[in-house]
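One letter stands for each residue in the lines below.
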Amino acid sequence: NYDYIKDLISYLENEHTLSKENLVILLKSEYTDEICQAADRVRKKFVGDVVHLRGLIEISNYCCRTCYYCGLRVYNKSIKRYRMDENEILQCAKATKDAGLKTVVLQGGEDKHFKIKDLCNIVEKIKDLDLSITLSIGELTTKEYADLKKAGADRYLLRIETTNKDLYKKLHPNMSFDNRVRCLIDLKELGYEVGTGCLIGLPGQTSDMLAEDILFFKNIDADMIGMGPFIPTPNTPLENEKGGNVEIVLKMLALTRLLLPDINMPATTALGVKADNGYIKGLRAGANVIMPNMGLNEYKKLYALYPGKTSDDGSKVVNDLENIRKLIISENRIIGHEKGDRKKIWKNP
Ligand code: 5AD
């Protein structure tokens, strides 16, 4: 009942911890607005009104993996593949810098033809621009992560996607959950700021599993969390499944903010694609980051993780920089002009 829910929310708002059972109750409850409002207060108290912008550059859509949900999976023969060269990447990084952003995110499929040595070179050159560098290029060896860190990479994004081992196994043939966790632990130990996260609304995923995802984020002390709805993608095994529900995504964002009050958390592109005013809804549910796409136009539509990412896809999502800036102002939030590292305030008890 409502009194119990209200108690749970205020406990969470003050203590930033909750049992799995109670998280499940909140995830299943209809009080999305109340949960989001509490998350919004905690967001304001811990990370303030600044929204950090991270310039996303999608460097390659080649991928050797076969994740059931993803449009970049190797068996999807219907998309044209591309790989940016060093000059193109540096050109985008410069444009990101010129636009006043302080972080570039180099994201790509697991493209084994991208040599780590070359990537280190690129990282070094971007570092000369005095930008923070986030990498998001999947599972690598400890040595490879170490080399990239030495070259100047600051942060790394690697979603766990789901912490339920059975579901993980079903959706990721020939991949190892334990290796993915190994990657996250390596990255932490090497001194990266580490981002992880999950898909929401996967077939077979329960509220129980989602509650465990949040507790996992807290357990590994993630610095950043990215989450969005699963969006069914043509030419993948899950093309005919139902996609994730926006209300649950908002509750997940809000509960994650309540449990990990000082992290950086984007309103993701997938949320922007799935919901009307998705970025705004995300910003009101605890998010404090947006990642405008700063890549080259010719490649944006090829980076087809899921449909609806670009306007020529009939999409209503506005992920160009100018629109995102306007949207932040219209929400009475502040556009970040600093690197926006996580400022750790809250210690996990
Ligand atoms: N719907 C939503 N998100 C997806 N991703 C991949 N495929 C989809 C999809 N169909 C997400 C994964 C990955 C991130 C880069 O994109 O969570 O980590």
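Residues numbered from 1 in each chain as written. Predicted model: local features only at pLDDT ≥ 70, side-chain atom pairs only at ≥ 80, totals over all residues. Heavy atoms only, no water.

Caption draft 1: Looking closely at the site of the ligand. Near the ligand the following residues occur: Tyr69, Cys70, Arg159, Glu161, Leu199, Pro229, Phe230, Ile231, Thr233, Leu305 and Tyr306. Within the contact set of the ligand, an oxygen atom lies 2.5 Å away from a side-chain nitrogen or oxygen of Glu161. Between the ligand and Ile231 there is a distance of 2.7 Å, counted from a nitrogen atom to a backbone nitrogen or oxygen. Considering the ligand on its own, with 400 Å² of exposed area, one finds that the protein chains cover 88% of that surface. Taken together, the residues of the shell around the ligand break down into eight nonpolar, one polar and two charged. (Near = heavy atom within 4 Å. Polar contact = N/O pair within 3.5 Å; in protein donor to acceptor, adjacent residues only side chain to side chain. Areas by Shrake-Rupley, 256 points an atom, 1.4 Å probe, with all protein chains shown as cover. Nonpolar A, V, L, I, M, F, W, Y, C, P; charged D, E, K, R; others polar.)

Caption draft 2: Here's a closer look at unusual backbone geometry. Positioned with a positive phi, Glu161 is a non-glycine residue whose angle comes to about 75°. By secondary structure assignment, the location of Glu161 is in the loop between β5 (155-157) and α7 (165-171). Assessed through its relative accessible area of 12%, Glu161 is described here as buried. (Helix = DSSP H or I, 4+ residues; strand = E, 2+ residues; numbered from the N terminus. Buried < 20%, exposed > 50% of the residue type's maximum accessible area, 1.4 Å probe, protein only.)

Caption draft 3: View of the packing of helix α4 (residues 86-98) against helix α5 (residues 116-127). Remark: α4 packs on α5, axes separated minimally by 10 Å, with the N-to-C direction vectors making an angle of 25°. Here α5 runs roughly parallel to α4, going by the angle between their axes. Helix-helix and strand crossings are classified by hand; for α4 and α5 the assignment is right-handed. Facing Glu86, Ile89, Leu90 and Ala93 of α4, the residues of α5 in contact are Asn121, Ile122, Lys125 and Ile126. Class assignment for the residues of the contact of α4 with α5 results in five nonpolar, one polar and two charged. (Axes fitted to C-alpha atoms, helices over the stretch in contact; angles between N-to-C directions. Parallel < 35°, antiparallel > 145°, perpendicular 65-115°, else oblique. Left-handed = near helix turned anticlockwise from the far one by under 90°. Contact = heavy atoms within 4.5 Å.)

Caption draft 4: Looking closely at the environment of Val105. Secondary-structure assignment places Val105 in strand β3 (residues 103-108). Owing to a relative accessible area of 1%, Val105 belongs among the buried residues under this scheme. Residues Val105 and Leu157, 52 residues apart in the sequence, show an inter-C-alpha distance of 8.9 Å. With near-sequence residues (within four places) excluded, Val105 lies in contact with Arg54, Gly55, Leu56, Ile57, Thr134, Leu157 and Met291.

What is shown is where atoms sit, not what they do.
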